[in-house]
Amino acid sequence: MSDAIDPERPEPRLEHALHRHTDYGAEELDEAHVASDPFVQFDRWLAEADARGVYEPNAMVLGTIDADGTPSSRTVLLRGVDDRGFAFYTDRESRKGRALESNPVATVLFPWYTLHRQVIVTGEVRRVGDGESDAYWATRPLGSRISATASRQSQPIASRAELEERVAALEEEVAGAGEIRRPERWGGFRLRPWRVEFWQGRTSRLHDRLVFSRERGADAGGWRLERLQP
Ligand SMILES: Cc1cc2nc3c(=O)[nH]c(=O)nc-3n(C[C@H](O)[C@H](O)[C@H](O)COP(=O)(O)O)c2cc1C
């Protein structure tokens, strides 16, 4: 494979996107003002991201490790956060679902670029209980419930038409039955952190990084706070 410049894609086209040097500097994060509990600090920053207009502030990039050690990432939506951890919902037979069943560890990254902030959470993952998954399923719009039932997430399919046929068939069934049950394979996972990093962009790339960490498998609390070099 050659890495010669492709004449169809001359370098200058990328100049604007790749070579900007935006300076981050308006805010800071220090030990005197950060909350002593990372969940409290996360709640603060999530509320600020929402109030300050971050698009989909609860979107997070989830990194997992497949059974053969291959890493993979994708965006999912945070649907609950409390002392137990960060919950999201998906198809447990999807690529990420299978990865989490064989390697129950993960990392999620909240990319709040417009605030010059990111939060990275790492820890162990467990399934959300059936009752809780049922309760969340019930809050989803009907169309989303039908799509999740029709789609075997991450599996190949011959065409869009085939998928739409499955949806149409389910819509008929639902009209008759009046409800659509949560498929066994669809449900939540909860990431219980042992590490939470808060990153605040600062001027000249001299950023603030505060990391909370605790023993793996630790129960509530027990957080140590450290500053990392940027
Ligand atoms: C903004 C955004 C939010 C998403 N939220 C979810 C979600 O909450 N759950 C989910 O299963 N997929 C979600 N997706 C789709 C995933 O990124 C991904 O395509 C899908 O889950 C399949 O991933 P996998 O094949 O790695 O398992 C979202 C995508 C975007 C861009």
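The rules behind the values
Residues numbered from 1 in each chain as written. Predicted model: local features only at pLDDT ≥ 70, side-chain atom pairs only at ≥ 80, totals over all residues. Heavy atoms only, no water. Helix = DSSP H or I, 4+ residues; strand = E, 2+ residues; numbered from the N terminus. Lys, Arg positive; Asp, Glu negative; His and termini not counted. Charge placed at Lys NZ, Arg CZ, Asp CG, Glu CD. UniProt positions renumbered as here; feature names shortened; annotations may be inferred. Phe/Tyr/Trp six-rings, centres within 6.5 Å; stacked < 30°, edge-to-face > 60°. Lys NZ or Arg CZ within 6 Å of the ring centre and 35° of its normal. Near = heavy atom within 4 Å. Areas by Shrake-Rupley, 256 points an atom, 1.4 Å probe, with all protein chains shown as cover. Nonpolar A, V, L, I, M, F, W, Y, C, P; charged D, E, K, R; others polar. Polar contact = N/O pair within 3.5 Å; in protein donor to acceptor, adjacent residues only side chain to side chain. Contact = heavy atoms within 4.5 Å. 1 Å grid on protein atoms, 1.4 Å probe; cavity = no way out; pocket = protein on both sides within 12 Å on 5 of 7 lines; lining within 4 Å. Points joined across faces, edges and corners; volume = space filled by probe spheres on them.

1. Let's talk about the overall build of the protein chain
Broken down by element type, the protein chain carries six helices and nine strands. With the C-alpha coordinates aligned to their principal axes, the bounding extent of the protein chain is approximately 60 × 55 × 40 Å. Seen as two clouds, the 33 positive and the 39 negative side-chain charges of the protein chain have centres 2 Å apart.

2. Let's talk about the UniProt feature "domain: Pyridoxine 5'-phosphate oxidase dimerisation C-terminal" (unreviewed entry) in the protein chain
Per the UniProt record, the feature "domain: Pyridoxine 5'-phosphate oxidase dimerisation C-terminal" (unreviewed entry) sits at residues 186–230. The span residues 186–230 carries 0% helix and 56% strand; its end-to-end C-alpha distance comes to 39 Å.

3. Considering the packing of aromatic side chains
Per the counting criterion, the structure on display carries 15 aromatic pairs. For the ring pair F42 and F110, a centre distance of 4.8 Å and an interplane angle of 55° mean the geometry is tilted. Taken together, the residues F42 in helix α2 (residues 38–51) and F110 in strand β5 (residues 105–112) connect sequence positions 68 residues apart. Across the ring face of F189, the terminal group of R92 is positioned such that the distance to the ring centre comes to 5.6 Å.

4. Section: the site of the ligand
Looking at the ligand, the residues that line it are R74, T75, V76, L77, Y89, T90, S94, R95, K96, Q153 and S154. Considered on its own, the ligand offers 620 Å² of accessible surface; in the complex 62% of this is hidden by protein. If you tally residues by element for the shell around the ligand, the top one is strand β2 (residues 71–77), at four residues. Of the residues that constitute the shell around the ligand, the class distribution is three nonpolar, five polar and three charged.

5. Notes on the side chain of T64
With respect to the helices and strands, T64 occurs in strand β1 (residues 59–65). Engagement of the side chain of T64 in a polar contact is seen with the side chain of R74, the distance being 3.0 Å. Sequence-distant contacts of T64, that is, excluding residues within four places in its chain, are made with T70, P71, S72, R74, K96, A99, L100 and A106.

6. Here's the deal with the UniProt feature "domain: Pyridoxamine 5'-phosphate oxidase N-terminal" (unreviewed entry) in the protein chain
Summarizing the sequence annotation, UniProt attributes the feature "domain: Pyridoxamine 5'-phosphate oxidase N-terminal" (unreviewed entry) to residues 54–169 in the numbering used throughout. Structurally, residues 54–169 is divided into 32% helix and 37% strand, and its ends, taken at the C-alpha atoms, are 38 Å apart.

7. Notes on the layout of surface pockets
The computed volume of the largest pocket comes to approximately 390 Å³. Lining the largest pocket are 17 residues, with Y89, T90, R140, Q153 and W186 positioned closest to its centre. Elements supplying a minimum of two residues to the lining of the largest pocket: β2, β4 (85–91) and α5 (142–150). Take the lining of the largest pocket: its biggest share by element is four residues, from β2. Here the residues of the lining of the largest pocket sort into six nonpolar, six polar and five charged.

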